[in-house]
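# Residue-level structure breakdown
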Amino acid sequence: MAKNFIPKIVAFCCNWSTAPVVNKAVESDAQFPPNIKIVKLMCGGMVTLAFILKAFELGADGVFVATCRVEDCHYVTGARRAVDVCDNTKKLIDMLGFEPGRFKLGRFSSLEHKVFEKAINEFIGVIKKMGPSPIKVQRRTTASTSR
Amino acid sequence: MISLKSAIKNSKAYLCLECGKCTSVCPVSKFNKGFSPRVLVNRTLRYSENDILTNKNIWACLTCAMCDLRCPADIAYIDLTQATRLEAQKLGEEAICSHGGAAQAMMRIMTATNLQQKRMDWVDNDLKVAEKGEVLYFVGCLPHFDILFSDKGVHTIRNAKSSVKILNYLGITPAVMPQERCCGHDLLWSGDMENFKKLAEYNINEIKKTGAKKVVFSCPEGYRTFKIDYPKYFDVDFEVQHITELLRDAINEGKLKFREIDKVITFQDPCRLGRHLGIYDAPRKVLSSIQKLKLTEMQRSKKRAVCCGVSAWMNCSFYSKRIQMLRLKEAKETGAELFVLSCPKCEIHFNCAMKEEEARDDIKIPTEQLVTFVADALT
Ligand code: SF4
Ligand code: SF4
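Quick notes on the rules
- Residues numbered from 1 in each chain as written.
- Chains lettered and ligands numbered in written order.
- Predicted model: local features only at pLDDT ≥ 70, side-chain atom pairs only at ≥ 80, totals over all residues.
- Heavy atoms only, no water.
- Pairing = 2+ DSSP bridges.
- Helix = DSSP H or I, 4+ residues; strand = E, 2+ residues; numbered from the N terminus.
- Axes fitted to C-alpha atoms, helices over the stretch in contact; angles between N-to-C directions.
- Near = heavy atom within 4 Å.
- Nonpolar A, V, L, I, M, F, W, Y, C, P; charged D, E, K, R; others polar.
- Core = buried A, V, L, I, M, F, W, Y, C linked by side-chain atoms within 4.5 Å.
- Buried < 20%, exposed > 50% of the residue type's maximum accessible area, 1.4 Å probe, protein only.
- Contact = heavy atoms within 4.5 Å.
- Phe/Tyr/Trp six-rings, centres within 6.5 Å; stacked < 30°, edge-to-face > 60°.
- Lys NZ or Arg CZ within 6 Å of the ring centre and 35° of its normal.

The next thing to look at is the sheet that holds strand β4 (residues 103-107) of chain A. All names here are of chain A. Ordered in space as β2-β1-β3-β4, the four strands form an open sheet in which the pairing is parallel. Single-partner strands in this sheet number two, and they are β2 (36-41) and β4. Across the sheet, the mean angle separating the axes of adjacent strands is 20° when strand polarity is ignored. Pairing of strand β1 (residues 9-14) with strand β3 (residues 62-67), which is carried by five bridges, proceeds in the parallel orientation. Residue V10 lies in a different strand from β3, and its bridge partner there is V63.

Further remarks concern the site of ligand 1. Residues and elements named next belong to chain B. Taken together, 14 residues lie around ligand 1, and C26, C61, L62, C64 and C67 are the ones closest in. Those elements giving two or more residues to the shell around ligand 1 turn out to be α3 (27-31), α6 (66-70) and α7 (77-90). When its residues are assigned to classes, the shell around ligand 1 shows 13 nonpolar, one polar and no charged.

A word on the nonpolar core. Of all hydrophobic cores here, the largest spans 49 residues; its most connected members are L53 of chain A together with L148 of chain B. With nine residues, helix α3 (residues 78-96) of chain A is the largest single contributor of residues to this core. With near-sequence residues (within four places) excluded, L148 of chain B lies in contact with L49 and L92 of chain A together with A102, A103 and M106 of chain B.

Residues and elements named next belong to chain B. This model, assessed by the stated rule, comprises 20 aromatic pairs over all chains. Measuring from ring centre to ring centre gives 5.3 Å for F145 and W313, while their planes differ by 80°; the resulting arrangement is edge-to-face. Here F145 is found in helix α9 (residues 142-148), whereas its partner W313 is found in the loop between β5 (294-295) and α17 (318-333), with 168 residues between them in sequence. W313 matches F145 in its accessibility class, with the two residues each being buried. One aromatic cluster in this structure is built from F138, F196, F217, Y223, F226, Y230, Y233 and F238. Sitting over the face of the ring of Y47, R43 holds its NZ or CZ atom 4.5 Å from the ring centroid. The residue whose ring lies beneath R181 is Y202, and the NZ or CZ to ring-centre distance is 4.1 Å.

Read these as geometric descriptors, not functional statements.
Below, the structure written as structure tokens:
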């Protein structure tokens, strides 16, 4: 593993809980890791297996999904749906040969920016230990999609 | 790589009579009035290359080959379509992928050579498989499909279990590759030649390592890809066989014993096995050797069998659902109790259609795969 390995992380964040948390974390702490690409979703329940696989296909070393706590979901059922999607995704990326730690689902309330920061830094630490993803970027673009 | 000009030459598209017979038999044209293979052939011949390559309709074809068979000028329309898509992709044109492109992403991920896949969980204790051997069973994407389509309630992995069970019954311990990759069928048909070739090359090399002389498939798409497409680009020095052909031969030699099954069934010919490779009799021979089993044919069967409505995980649409419902209705009208399929995608697509809100009882029929049906009938 290269010594100066800086992992590429994609984080799918729910608009209601974690997007404000990210903003707060960035404002309050200059140490917030810059190598995370935040993809804001209107609801954590919007995340699909395809989003996560595509992030890996395009060379992400780790993918983090951050939603509301199940009982706080702004759209009532979204966070629960995210749990199901992530369970299924875990099975598939495990089968494909990614280490289980490369993918994580976290749940936060909109006030927990410290907790979020800690979780994401821990996540990055795990990825750093694992080294780069086995995937080299496949191609520039991916096919347009429908759901 | 083939240019559009040579594709026109190879497919003999220049012979088009503009008779429109292709459009009249095309299942997509039946419902989607904006789609016509005749028009596409003509635009390919008469307009600029750019016109056809940017035409969205080139992605809507199911490559079911119904038109190929009907065409009086003997034009290889699906070969033309394959070449057109490969060219179009070079321009940055792309298919509309169903399921958010999850299947395609998964296939491109598999092009990485250093993955440590864990895809062998399905091998139960009572199944005998080996690392090396004369005969290899190619699993395909079955374990992945069951996760991708868990909401459809399908268990396509049973194809693999049953295939190995049948091979074991015949005294064969097949080699199964723990690091097998997708055959690349879907990437090829969606125009991604680069990644198709990576998968093909990887698989061929892995198969060499097992020492296999024969590769057996339960998936018709994998079979077609290995039989027709791989040899176009790579040296393939092993024999390929579909499990129904293997079963037919074993039955002819009297090696298989079935219990009686008192049932009425109907059978769906998958496009890849049927029109692409001309295998119609082998599955029927296998089914007819089960005592008391009655096979009733649908209104359109064998050469005229209607496709299951989607191919290569792209362009699933309202029209696909119409095609699927039409086909399910035909199956139901035979009075059969069971709809026997022999392609994992047919299973996924038909079951998806039956789960539609508007699906009524006249299209609901239980489905089962030919290999699982046959494996369960073995005594
Ligand atoms: S291959 Fe099938 S779907 Fe495509 S144009 Fe021909 S008949 Fe229509
Ligand atoms: S059936 Fe053949 S000859 Fe007739 S319009 Fe179609 S491609 Fe042309």
